[in-house]
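# Topology and contacts: notes
Now for the letters of each chain:
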Amino acid sequence: MKIPEKYKHIIELGKALHIYGVPSYKIQSYLTKVAKTHGIYGVFMDLPTWINYVFYEEEQTYNYIECIPPGVLNLGGLSRVDEVTNKVISKEIDSSEVIPELEKINSETKKTNHFILTISYAIASGAFSLMIGTNWISFVFALVLGALAYPFVYLSGKSNYLETILESLISFIITVFASLLHLIFPEFNAGITILSAIIVFIPGLAITTALEEITSKNLVSGGAKLFDAIISLFKQFFGVLLGLALMASIIDFKLLVHISDLPRWIMFCGIPLFSVSLLAIFQVRKKDMLFGVVTGVSVFFLTVLFSGYGVLFSTFIGTIAAVAISNLFNRITKTPKTVYLTQGLVMLVPGSKSFMGLSNSFLNSSIIIADNLYEQVAFTLMGIIGGLLFSGVFRKR
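Criteria and thresholds
- In every chain, residue numbers begin from 1 and rise along the written sequence.
- Predicted model: local features are reported for residues with pLDDT of at least 70 only, side-chain atom pairs are reported and counted for 80 or more only, and whole-chain, interface and lining totals are derived from all residues.
- As a rule here, side-chain values come from all non-hydrogen atoms in the structure, and water together with hydrogens is ignored.
- Numbering of helices and strands runs from the N terminus; a helix is a DSSP stretch of H or I covering at least four residues, while a strand is a stretch of E covering at least two.
- Under the scheme applied here, a residue whose accessible area is under 20% of the maximum for its type counts as buried, over 50% as exposed, and between as partly exposed, the area being computed with a 1.4 Å probe on protein chains only.
- Contact definition: two residues touch when any of their heavy atoms are within 4.5 Å.
- To obtain an axis, a line is fitted to C-alpha atoms, over the contacting stretch when the element is a helix, and the angle between two such axes runs from 0 to 180 degrees between their N-to-C directions.
- Here the word oblique covers every angle except those under 35 degrees (roughly parallel), over 145 (roughly antiparallel) and from 65 to 115 (roughly perpendicular).
- Here a crossing is called left-handed whenever its near helix is offset anticlockwise from the far helix by less than a right angle, and right-handed whenever the offset is clockwise.
- Lys, Arg, Asp and Glu make up the charged group, whereas Ala, Val, Leu, Ile, Met, Phe, Trp, Tyr, Cys and Pro make up the nonpolar group; the residues left over, Gly among them, are polar.
- Here a polar contact is taken to be a pair of N or O atoms separated by no more than 3.5 Å, where protein atoms must pair a possible hydrogen donor with a possible acceptor and residues adjacent in sequence count only if both atoms sit in side chains.
- Here a salt bridge means any side-chain nitrogen of Lys or Arg lying within 4 Å of a carboxyl oxygen belonging to Asp or Glu.
- Strand pairing is defined by DSSP finding a minimum of two bridges between the two strands.
- Classification of ring pairs uses Phe, Tyr and Trp, with its six-membered ring standing for Trp, and accepts pairs whose centres are within 6.5 Å; under 30 degrees between planes counts as stacked, over 60 as edge-to-face, and the remaining range as tilted.

## Thoughts on the environment of Leu 143
By secondary structure assignment, the location of Leu 143 is in helix 6 (residues 136-156). Overall, the relative accessible area of 25% leaves Leu 143 in the partly exposed class. Among residues more than four places away in sequence, those in contact with Leu 143 are Ala 122, Ile 123, Ser 125 and Gly 126.

Next up, the structure:
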């Protein structure tokens, strides 16, 4: 069945918003507003693998279902599509201009600098190891192993099979390399380096986004995304367990000791470095980069400032600060506040703690010694969701 011309721009907008990682409840809100702007009555439902469009006319109903792969967070594409959507709603552009604009955005987001992305993966790994606390030899090899991960990400875009096993394969390879390095350098922090090298893949932000959708009453989409994020976490942990099992004959992992001898000020340098590394990974636009880094660093340090009051309260304050800062920068730059809010929340999400908790459960020893990890994960998630609720993120739908 041919799509009626008057509905084409709405369908294409929905696909674009989905592809670039916009939460389902926001997609549905955007499409409803766009439809009303053009005098169209429609009901929309976005799920992780498909979008359902229902358009009502006087004598008939038009139903269109688009099957589409799960969206991947791309803050540059998200920002551009959001601008086009708002222009349609404010009638700055008409429906005939929407599809050409979306085609421009699609071609723009396909431009990737593989060298910069490799460096970004390396810096993210190294910076995270600094944030946890490590030594120089471990920091250097965290950079190397982080850079090693990106070629597999690139190749996964060309192979469906590799895309399916990506998280497990990378975790396995990095675990084997880290174990071999520990044989050569006894002071090498194998556990921390493994965690740092795969930190970009750990779905802490995906878990938070899923809970955000559940909180906004998008139960089907949020539940599916939450389960997908948990499976992703287990796939990574499977890769690590497989690597540990292979290397167990030559290394006693229960005897590994965490050695951290870096000055405290160097550890704090990891925070802005980590925030900067995410700019290329999330494909943030140049005009939003500085504001994004400021948001991430400010939120993290504010959370640390209130850490004496407990994980729940400090995360709650950090989330409210992230929303307030993103609203401020939204007014200054006219960029969607989601772009800055995401970069703020990513500094709070409990993905690494979830991974540590799994290692504690399955291996009877955590990658890093810490008490009540599951409690910390739960309090962090509650603090984030509570902060989003009280700051009014879900108010406008």
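Let us keep going from here.
## As for the packing of helix 5 (residues 114-132) against helix 11 (residues 264-281)
It is the contact of helix 5 with helix 11, at a shortest axis distance of 7 Å, that shows an interaxial angle of 150°. By the angle between their axes, helix 5 is roughly antiparallel relative to helix 11. Seen from above, helix 5 lies across helix 11 with left-handed handedness. Contact residues: Ile 116, Leu 117, Ser 120, Tyr 121, Ile 123, Ala 124, Ala 127, Phe 128, Leu 130, Met 131 and Ile 132 in helix 5; Ile 266, Met 267, Gly 270, Ile 271, Leu 273, Phe 274, Ser 277, Ala 280 and Ile 281 in helix 11. Counted by class, the contact of helix 5 with helix 11 contains 17 nonpolar, three polar and no charged residues.

## Description of the side chain of Thr 37
Summarising the element assignment, Thr 37 is placed in helix 2 (residues 24-37). For Thr 37, a relative accessible area of 19% gives the class buried. Only 2.8 Å separates the side chain of Thr 37 from the backbone oxygen of Lys 33, close enough to count as a polar contact. Other than its neighbours up to four places away in sequence, Thr 37 contacts Val 88, Ile 89 and Lys 91.

## Points about the pattern of salt bridges
Two side chains bearing opposite charge may form a pair once their charged atoms approach each other closely. Enumeration over the complete set of coordinates arrives at nine salt bridges. The salt bridge involving Glu 57 is made with Lys 6; its shortest N-O contact spans 3.3 Å. With Glu 57 in the loop between strand 2 (50-56) and strand 3 (61-67) and Lys 6 in helix 1 (residues 5-19), the pair connects residues that are 51 residues apart, well separated along the chain. Through salt bridges with shared partners, a single ionic network connects Glu 12, Lys 15 and Glu 66.

## Overview of the pairing of strand 1 (residues 41-47)
One ladder, built from seven bridges, connects strand 1 with strand 2; its direction is antiparallel. From the neighbouring strand, Met 45 faces strand 2, where its bridge partner is Asn 52.

## A few points about the side chain of Thr 315
Along the polypeptide, Thr 315 turns up in helix 13 (residues 311-333). Apart from the residues lying within four places of it in its own chain, the contact partners of Thr 315 are Thr 303, Leu 348, Thr 380, Gly 383 and Ile 384.

## Remarks on the sheet that holds strand 3
One open sheet accounts for three strands, arranged 1-2-3; its pairing is antiparallel. Since the sheet does not close on itself, it has two edges, and those belong to strand 1 and strand 3, each with one partner. For this sheet the average axis-to-axis angle between neighbouring strands, irrespective of direction, equals 10°. Against the sheet, helix 2 engages strand 1 and strand 2, with an angle of about 160° to strand 1.

## Details of the pairing of strand 2
Counting buried residues along strand 2, five of its seven residues qualify, which places the element largely inside the surrounding structure. Taken together, strand 1 and the strand that follows it, strand 2, pair antiparallel across an intervening segment of two residues. Bridging between strand 2 and strand 3 involves seven bridges; their strand directions are antiparallel. By the bridge assignment, Phe 55 is partnered in strand 3 with Tyr 62. Hairpin connection between strand 2 and strand 3: a loop of four residues separates the two successive antiparallel strands.

## Focus on the packing of aromatic side chains
Enumeration according to the criterion identifies 23 aromatic pairs in this entry. Taking the centre distance of 5.7 Å and the plane angle of 75° together, the rings of Phe 44 and Phe 55 count as edge-to-face. Here Phe 55 lies in strand 2 and Phe 44 lies in strand 1, a separation of 11 residues in the sequence. With respect to burial, Phe 44 and Phe 55 carry one shared label: buried. Centre to centre, the rings of Phe 291 and Tyr 340 are 6.2 Å apart; their planes meet at 65°, and the pair counts as edge-to-face. Of the two residues, Phe 291 is situated in helix 12 (residues 286-305) and Tyr 340 in helix 14 (residues 337-345); the sequence distance between them amounts to 49 residues. Residue classification places Phe 291 among the partly exposed positions, given a relative accessible area of 22%. Among the residues examined, Tyr 340 registers a relative accessible area of 0% and is labelled buried. Of the aromatic side chains, those joined through ring pairs into one cluster are Tyr 7, Phe 44, Tyr 53, Phe 55, Tyr 62 and Tyr 64.

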